[in-house]
Every structure is written in C-alpha cells, then in structure tokens.
Amino acid sequence: MTEMIKLFVNGEEVEVESGKNLIDALEKVGIEIPHFCYHPALGADGNCRMCLVGIEEGRPPVVPACKTPAKEGMKVLLDADHIKKIQHDVMELEFINHPTDCPICDQAGECKLQDYYMKYEGTESRMRVPQVKKRKVQDFGGGVIHDQERCVACGRCVRFLRQITKTGELGLVNRGDDCRVEFFPGRPINNRYGLNVVDLCPVGALTSADFRFKQRAWFLKRAESICHGCSKGCNIMVDHNKEKYEDDIIYRIRPRHNEQVNGWFMCDAGRMTYKSENDNRLEECTLAGTVRPLTDILADAQSRIEKASKALFLVSPSASLEQLVAVQALAEKTGAAVSAFSDGYIVKDDGDDFLIKDDKAANRTGVDLLSIAKSRTHFDNMAKEADVFINFDNDLSRSLSEEQIGKLFKDTWVLNAATHPGHLGTAMAGKAGASVALRSWSEYHGVVVNCDGIAQKFVGGVMKNIERPDIVEIAAGLGSPATGAAAAWALVQKKIPALAEFGSFLELPAEGVNLTDNEAGK
Amino acid sequence: MTTLDIVMVIVRVSISAFVPLCFLAVCVTMERRVAGFVQDRSGPNRAGIYGFRAGGLVQNLADGIKLAFKEDIISEHVEHKFLYVLAPIISMAAAIISFALIPFADTLVLDGKAYVMQGIPWDTGILWFLAVTGFSVYGIILAGWSSTNKYSLLGALRSASQVISYEIPMGLAVISLLIVYGSINLSDIARFQGQNWLGFIPMWGIFLQPLAAVIFIVAAFAECNRTPFDLAEGESELVAGFHLEYSAMKFAVFFMGEYVAMFASSAVIVTLFFGGYNIPFFSTDFLIRNIKPVAFVMLVILPVFMFYFAKWIRRNNRSQYPRENDPREAEATVYIRCFWILIGVIEVFLLAILAFAQPDTAAAHLLVALMQICTFLLKVTLMLFVYVWVRWTIPRFRYDQLQILGWQKLLPLALLNIFVTGAIVVALG
Amino acid sequence: MAAKVKQLPSRGGTPAEKVYLIEIFKGMGITLRHFLRNLWDNSNLYVRHYPEVQPNIPAHWRGRHRLLTHSDGTPKCVACFMCQTNCPANCIMIKAGERTDGITEKMPVSFTIDLAECIYCGYCVEACPEDAIRMDTGIYAFTSSNREEMKIEMDEMLSLKGGYTEEEYQKGLEDE
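Residues numbered from 1 in each chain as written. Chains lettered and ligands numbered in written order. Predicted model: local features only at pLDDT ≥ 70, side-chain atom pairs only at ≥ 80, totals over all residues. Heavy atoms only, no water.

1. Some words on helix α4 (residues 126–146) of chain B
With 21 residues, α4 of chain B ought to run about 30 Å at 1.5 Å a step, and its terminal C-alpha atoms sit 31 Å apart, in line with that. With 15 of 21 residues buried, α4 of chain B is to be regarded as a mostly interior element. (Helix = DSSP H or I, 4+ residues; strand = E, 2+ residues; numbered from the N terminus. Expected span 1.5 Å × (residues − 1). Buried < 20%, exposed > 50% of the residue type's maximum accessible area, 1.4 Å probe, protein only.)

Okay, structure coming up:
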C-alpha cells in the first residue's frame, strides 16, 4: 500500500498517493490537469506548458504539474483566473498554425486538441496572418503517416523511440513556428513497436496508414481483450463496428494499460492480428463434403466417438482455459486422449526482451497448468492408435508438413473445428470428414494465462453475422460435462485452485491474477 | 306454383339481395365525393378506364380488385381460425338479411295474384330487423376476440356495448311507432304512410312521431357504428378496432358489411318515417287508375330533367386548369349521349304505355311498381347521404358521452314518447 | 417569435346550445352549403390539380439530396462522416478513401443515401462543414418499384443540379 498524503485542490482537501507528480496523483482521484507532452511511460518533458498549475503560497507560484511531485499540504490552484488564462493562451498558441482539418483527420473524436478546445478555450481564432504551411502527408515508415501542420511538437514520439525502443529514428528539428518532427533522410521508423507513436500522439499528427480513413473514432465499439498473437498476453482494446448491412469487423487494435504485463504498449504484429479475425474465415459446417447444420455433425461425431476404439482430441495452445477444460472433460468422459501438440507455434529467436515472445500461443501456460500433454511422441502415438480425430482449432499445419498430416490420419475420421481454413493443410481437404467453423478469440469470452503465469480475462465484443459455435459449445454438444461457460469455469476452478475465489471469469481483476506468485507465496 | 310465381320469387330475392350490394358502390363513392366536396376538395377523380372515370366509380373497381388480390393474412397468434374467418361472414350476412323484410314497392297485382314486394314475404317486419341487427354484434365480438389483439378486443367490447345499449332506445322508439301504425308488418306501415292527412300532408312517421324519428335515427347511427358513434374503430386510440387484424377480402367483407348495414338501416328509416316506397301525395291506387296521365307527365319531365343534367355534366366534368383538347370534355359528351339514349329508350316505353296500356292492367301495375322502387331507392340514397353528411360534420363522441346519451337522454325520451303517444291514441279512441 | 394566440370565447353554455341538436343542424348547414356549392360547380375547389399543375417549391424546402462539386467538378465532400453521424434515420452510408485530385487528403469512395429510410430532416446539410451536401434540388417526387432503387449513389448525387440560384438558396436559409 502506497503512502497517502493530503493536499488541497481549489481549496478542497483530497487524499492522493505520494511519490507521484501532480498529474498522475490527481488523475487517480478524478481531477484532470490538461497536458500534451507528459505521458506516464515517457516521463515529464515540460515543453507544452499546458499543465501549468498555481501553487498558493508557493515559490514559484506557477509550476508545470508534470514536473511537480505531490507534497503534503500543497495548495493547488486549477480554476483560478490566471491559470485559466494560461490554459487559454497555450491553446491559442497551439492553434495558431493548426490547420483545423478535423473533418479529414482520423484523430477527430479522440483528439486532445479538440477536447481541450471545448474545455479550456472555445474562442474564435484572432490570427489574421496566413498560417505556416508544412508538409501534409508524410510517410514516416512502419505504417506511420505524419502531418506536420497538425503537430503540437510535444515530442512524445521522439521520446518513445529514444527511451523505449532505443532506435531514435525521429527528432524535433528547427524552432518556433518552423519546429517539426522529422526523421533522418533515408532512415524512417523501422522497428517492431513503431505504431505505438500513433497512440502516443495526442493530436492527429501521427496516424496509422493501416487505419487511415477506415472509420471515425466515435463509431467504434470497444471490447477489452487480450492479444492472442503471442504468449505475452498484451492487454488490448479491440475497436470494432458493425456498419449498416455489413458484418461486424475489427478496425484496429490498441494497447490497453496494464503495468504488470505490457505497460502502455504493444507490438506492430499484434496490432495486425485483427486482419485474420476479419478475413479468410471458415464460414460453413460441412459433413462429408456437404453443408449441414451443426447439430447433425455433432450427432454424427458423437456416435463415431462412442464406437471408436480410441479418439484423439487436439486442442490449441491459444484456446482459453474454459475451452481446454471443456475438451479435457469430454476426453475424460469418453476415454479419449487429449493433446496440445503445437511445436510449430514456437518461432525460434523471434522474441525480444520487451514484449514479443518466441511462443506464438496465448495460453501455453494454461495448457501446462491443466497438465495436457503436448509432446510430439505422445501425439504421434495417439494419432496412430486413434480412429477418430477431432481438432479443436489447432493450426497443425504450423507444426507438421502436409504429407506428415496426411500420413498420420490416413484411416482416421477427422472432425476439424477451426476458425480459419487450412489448419490441417490442403491434404485433408479432399478427405471425407467434417469441418465446423468456430468463433475466434475476438468473439468469445474467456481467460488465458500468459508466459509469466498471469491469468487474464478477455471479453469478445464482436458479433459476426454468421453465427458460429464456440469450442465449449461443441464439446458440450459432443457430451462434455462442461455444458456451458459457467460449468466450464467451475471445472477450471477445480483444476486451478488459485482461481477458486472468482465466481465468474468477469470477477478477475483488470490487471490479471499472477498464478505463479500465488503458488510461490502460499 | 306457376312460372310467374317462380319468376317473382327470383326477382324479389335478387332485388333484396343484390340492390344493397350494388349500392355499396354508390355508398363508397358518395362517401368519398361528399367528403371531398364538404372539405372543398374533389375526392377520387383520377382512376379511369381509357379516360372514363364515371364520377369516381372506377376508383371503387380498382379498390375492389386490389382487395380481392391482396394477400390474405391470418396471423400466427390467431388461435381460433374458424371463428376468425366466421366473424366477417356473420357481419355481412346479418347486414344483408336485415334488408330482406323491407318492402321496396307496394303489393304487386299480376294476373289477379298479389305479390308482396319484399325479399321474404313474412310479416315479422320490424322485429326481424331488430333481431338481425342484434345478431350482427356476434360478428364484431367474434372478430375482436379471435384476433387475439388488445386493440381489437377493446374495439369489439366498445362496439358490442354500444350496439346493445342503443338497441333499447331504438326498440322503445319503434314501440311508440307501432302504437300509431297498429302493425309490425313493414308493408302495412308503408301503406299506412301512403295516406294523406287533411288532404295535403303525407302521413309519414316523421310528422306523426318526430321525437321517435330523432331517437330512432340517432340510435340507427350508433347501431351502424358510424360517426359520431364510431368509437369501435377510433383510429387515434384503437388503430382500427375490431377489424385491425383482418386483411384483403376478409377486411373487405367487414367493410362491405358495414355499408350494407348502413343501407339496410337507411331503408328501415325510410320505411318507418319517410313513407317507404310511397310517392308523396300519390297513392298506388291513384297512380294505377291514372296510368296514362302519369306516363305523359313522365314523358315530359324526363327530357327536361335530362337537359339540365347534361348541362351540369358539361359544367363539372372538365379539367379545372388550362389544358388543350381536354379529354374530360370528350368524356362528358360520351356520358351525355349515353344518358340521352337511355332516356330515349325509356321514352319509347312510356309512349308504348301511353298508346296501348289500359288502367289496371299488368303493364300499369309494373310501371307503378318500378316508379315506387325508384322512389324508394331515391329516398334511401338521400338517407345514405345524411349518414355521410353527418359523418363529415360531427366529430366523434367520447365513450362516456356516448353511453350517457344512450342511457340518460334517449332512453327516458323514448319512454316519455311511449306514454305521450299512448295517451293521445287512447284519448282519440 | 412568440406564438400568436387568439382567445376565443367559451361556447356551449346557453340552453339552446345545450340541446345540442340545434348546433348540430347549424354545423350540418355549413357542410351542406359547401357541398352544394361544389356540387353545383366544382371549379372553386381549393385543390391543386397535381400533377398537371405543379407546385412552386420554395428555396428552403428540403428535397432530394445532392453533392456539391468544386468548380473543376471534383466533389466538395471530404468524407468526414458528420452527416452520417448526425443522421437520425441512419440512412447515409459512406466509405472513405484517399483523395486523388490533390485538393485535400480524403474523399468518399462511395456515398449512398437510402431515400426510403431518409426522413428529410436536413441535419446532414446543417452538419456538413464543407457545404458539400444540400437538399435544394427541388425534386420532391421520387418513386421506385423496389428498395434497391431508392438508394442513390454518389455519381447520381454529384450530377444533380440545384434548383435555385445561390442567392435564392442563401435567402431561403435565412427564411428558415
């Protein structure tokens, strides 16, 4: 527990955490101090002067809040006339050369300039001289587009590339109204975290080429999710929208703050995982080559499992704990084997020491916690024995070549439940089995455990036009004791006692539950 | 049964069954055009076949075809499909048979045999009308209840309670009339009104029983669910009332049933209060005895009437805006020629009667019967006009006002009227 | 502007009025007078003989939408989605894309208005920051035999011309 101190804001006493600057300390208690250049991850720079606050009986009487630590008994002035005048004048300064092209700016709706204009300025421009013209659409590389006219020269992007990625592609050049962000000619942004500058930019100066003009920010619905791109489990916000007469699709993925996992950032590759959620999805459920309703397929599969001498279920290491448990329970009931064989999910030497990990599976720790076998030999042995094979969204084509898959399941009846086509390779395409189109992670809820043993919940907000089943539903349809999400969660709690205190997955704290800590601690 | 008997049965039944149906077109057209003219607009005047619009009658044809070919929907939630389908049939059938006992001409004597000119030659008379209109409530209640719709049910409840409560003053008004006429047979009543009082005032019910006439007409409006008593379908609160769930032809049957009921009650009002089929001042016997002068007068009047009618058509059947080679003027010419041809044919018949017919022959009887039918239909049409006229003048009552009027105003008045009438009749001996 | 309120004396209190029938007959007299006058001669009806006689549409009347162009024929619209955001009927569907004519950066790739859903409130015109959409074509009659035809596309809206001069239109806005 951090130490609490008392200070006064506009004459009213508030209790804040000590050891923070005024912006962070007051934000925790819901008092906003406007700022452009300060960012909690990048530290104070103090160049924008927007966060100037008055200190009563203090020396100096006006200080930048970002550089001023909160102290006991401090008397902060936020709504004094001279502070309002400062805020108004700073805003007016920022607007001198701002093109105000909000209609064509992607930042509109989530732009600090817009918000602060409405809150702190709200007057018409007094400038009667022509504005300084600068470059408009400048490709910064790495999918970042820069608009020099909109820039407020806060330097957040420059500091991010210097402090966090340590690549330092950008710099602020020139002074006064000629000041702008530039990269050294021929050396654009070239790192795997470059798109974070788009989120950092408080205005519309840096926009994502990928998201450019796709949607206005205010149309987007938000779903708090976990990135399934690798085992780091970065907290993300899935911005999706269902336009009239169209399907619900994801427009972008943004990082969500979680100090324990990813801080404020995420990698560019993770941002692009939304594309595979939108496109090239499996749409139909087929049985022996013809489109059939799901219930028919499940009934057929269930009778085959009952008759089979041995059945093998292959689960994905990205599946949620509930899904894993549902399949495991089904296997225990029917005497089938479960494997999470997924060597191909690990990409050697791809990870780094910041956010990207080698293991591209979101829940491998969860697989281990549930003691699901994942070795090649186990999988091979079971595959040879089995005459019914059900794949629960494991992209086997990553681990094995097409010939290997074809050879393993030559005489086996295969049910391939998958989100995307090609999980068993094209070799299986002609085989008379069944396939089921599944919901993907942006469409279901669940809990995954990341590489550091932190269990995190995610909420799927996307509602596709085509109704697809979840793995839990399929397992239930095949006779699993986990008949629904609640029953699956109860099973999870039985297997992982550290989660027992949470009545449903939604009760997990936003920052996640550190399972390894709990085990070590108790 | 002679051939003549059979022919007369067919003729009488056809007249009493099909005339109300044919008058549907007149009612609907009149409703629309009168509404238009009352509100200073024109009403339907566009629908036409090759430019012939027949004063808006073609619009009815178009609507009829539309309703006949529309999809006939029975909602899923309708549980009692049989009753649901039965309801409009009851409503329509009750309306048609309520006209069956109304005489549309005086007793016709052919070959020395008298034929009562009613659809069904019974003498239950006015009681039949009261009974059958009471029966039509079943149609409304069944429709409202079987629709499984709260608006329908509310509409049906209102309608049923309204019809039942207005039947009482209506019946009481009829009682005072019956005291005067001394018969419930409508033919007798009509013949009674053929007499003249003091030689120049026709002994019509409206003169003998003015209070009963007002009560009966008001109650008849309520019985027909017409404005100002159309709370059953009050659009603003009940969408459409009891026929809300009905579509296509089933709706059309309700709609037709309402207009037929309106026609039938107009016919009853005319028979009870406006002399029925009687031509004012001229009794049937007088006409039959003086068939030649009557035919001569007709011979003269018809062309004169046609001359002015043609002028009226010319004046009104044209485009009221600048238009070259106005097709409507050509249309008017065609109408006028058709009418002149019709008049010509009638003239030839009248000439033939004038030349060959003797008084008290079959031809004379037939001509008088025809004239009486025309008179009767003219009177009914005027009464229908009153229905329409009232509808486009008076706004709808509130429901409590409706019931107060029925129970607290009309009922005591009707009772008072019976006492007064009875006293006078007893006093006059 | 305050509403003009005309105070009418309360009616219905006198005994003659309470009988009600008398007042009804008075009212029926009025309607009968109108009926007979028009029956006698129907040239005095307060009716516009549409479609032969066309109405005179004022400039601020909200008719069918059109998209305005710059003098070189390129659309003024920058696909800011303000109209779509404001549309209470949700009938505007825009897809934005990169602009190719060099005027700004953004332009609509497709701009569809579903006239069957439009309620002609004119909020899109008011919301437009670029004066790119107006409802001044004076077209008030449009029909089609299916729903798809009621969706009008960008090309069609760009090709429509305004029904009024700029001065008339601006004056119409003031009148409104």
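Read on, since the account is not over.
2. As for the pattern of salt bridges
Two side chains bearing opposite charge may form a pair once their charged atoms approach each other closely. Overall, the coordinates contain 61 salt bridges over all chains when judged by the stated rule. Here E52 of chain C and R46 of chain B are joined by a salt bridge, their closest N and O atoms 2.9 Å apart. With E52 of chain C in the loop between α2 (21–40) and β1 (66–67) and R46 of chain B in the loop between α1 (3–38) and α2 (57–69), this pair bridges two chains. The exposure class of E52 of chain C is partly exposed, given its relative accessible area of 34%. (Salt bridge = Lys/Arg side-chain N within 4 Å of Asp/Glu carboxyl O.)

3. Notes on the side chain of R12 of chain B
With respect to the secondary-structure elements, R12 of chain B resides in helix α1. In contact with R12 of chain B, not counting residues within four places along its chain, are F104, Y115, V116, M117, Q118, G119 and P121 of chain B. (Contact = heavy atoms within 4.5 Å.)

4. A look at the sheet that holds strand β12 (residues 235–242) of chain A
Residue and element names in this part refer to chain A. An order of β11-β12-β13 is seen for the three strands of this open sheet, with the pairing classed as antiparallel. Edge strands, defined here as strands with exactly one partner in the open sheet, are β11 (221–226) and β13 (248–255). Each strand of the sheet is rotated relative to its neighbour by a mean of 30 degrees, with strand direction disregarded. When β12 meets β13, the two strands line up antiparallel, connected through seven bridges. Bridging from a neighbouring strand, V238 pairs with I253 of β13. (Pairing = 2+ DSSP bridges. Axes fitted to C-alpha atoms, helices over the stretch in contact; angles between N-to-C directions.)

5. Remarks on the packing of helix α2 (residues 81–95) of chain A against helix α3 (residues 112–120) of chain A
Helix packing for two helices is described by the angle between their axes and how far apart those axes are. Residues and elements named next belong to chain A. Packing of α2 against α3 brings their axes to within 10 Å, and their N-to-C directions diverge by 140 degrees. By the angle between their directions, the pair α2 and α3 is classed as oblique. Once α2 is placed against α3, the crossing between them reads as left-handed. Packed against α2, whose contacting residues are Q87, H88, M91, E94 and F95, the element α3 presents L113, Y116, Y117 and Y120 at the interface. Along the lines of polarity and charge, the residues of the contact of α2 with α3 split into six nonpolar, two polar and one charged. (Parallel < 35°, antiparallel > 145°, perpendicular 65-115°, else oblique. Left-handed = near helix turned anticlockwise from the far one by under 90°. Nonpolar A, V, L, I, M, F, W, Y, C, P; charged D, E, K, R; others polar.)

6. Observations concerning the domain arrangement of chain C
When cut into domains, chain C gives domain 1 (15–47) and domain 2 (66–175). Relative placement of domain 1 of chain C and domain 2 of chain C: their C-alpha centres are 48 Å apart. (Domains from an automatic or database assignment.)

7. Topic: the nonpolar core
Y166, F216, F229, L272 and F376 of chain B are the most contacted members of the largest nonpolar core, which has 87 residues in total. Once residues lying within four places of it in the same chain are set aside, the contact partners of Y166 of chain B are V218, A219, A222, E223, F229, L402, L405, G406 and L410 of chain B. Counting residues in hydrophobic clusters, the runner-up holds 55 residues, among them C285, F313, A319 and V472 of chain A. (Core = buried A, V, L, I, M, F, W, Y, C linked by side-chain atoms within 4.5 Å.)

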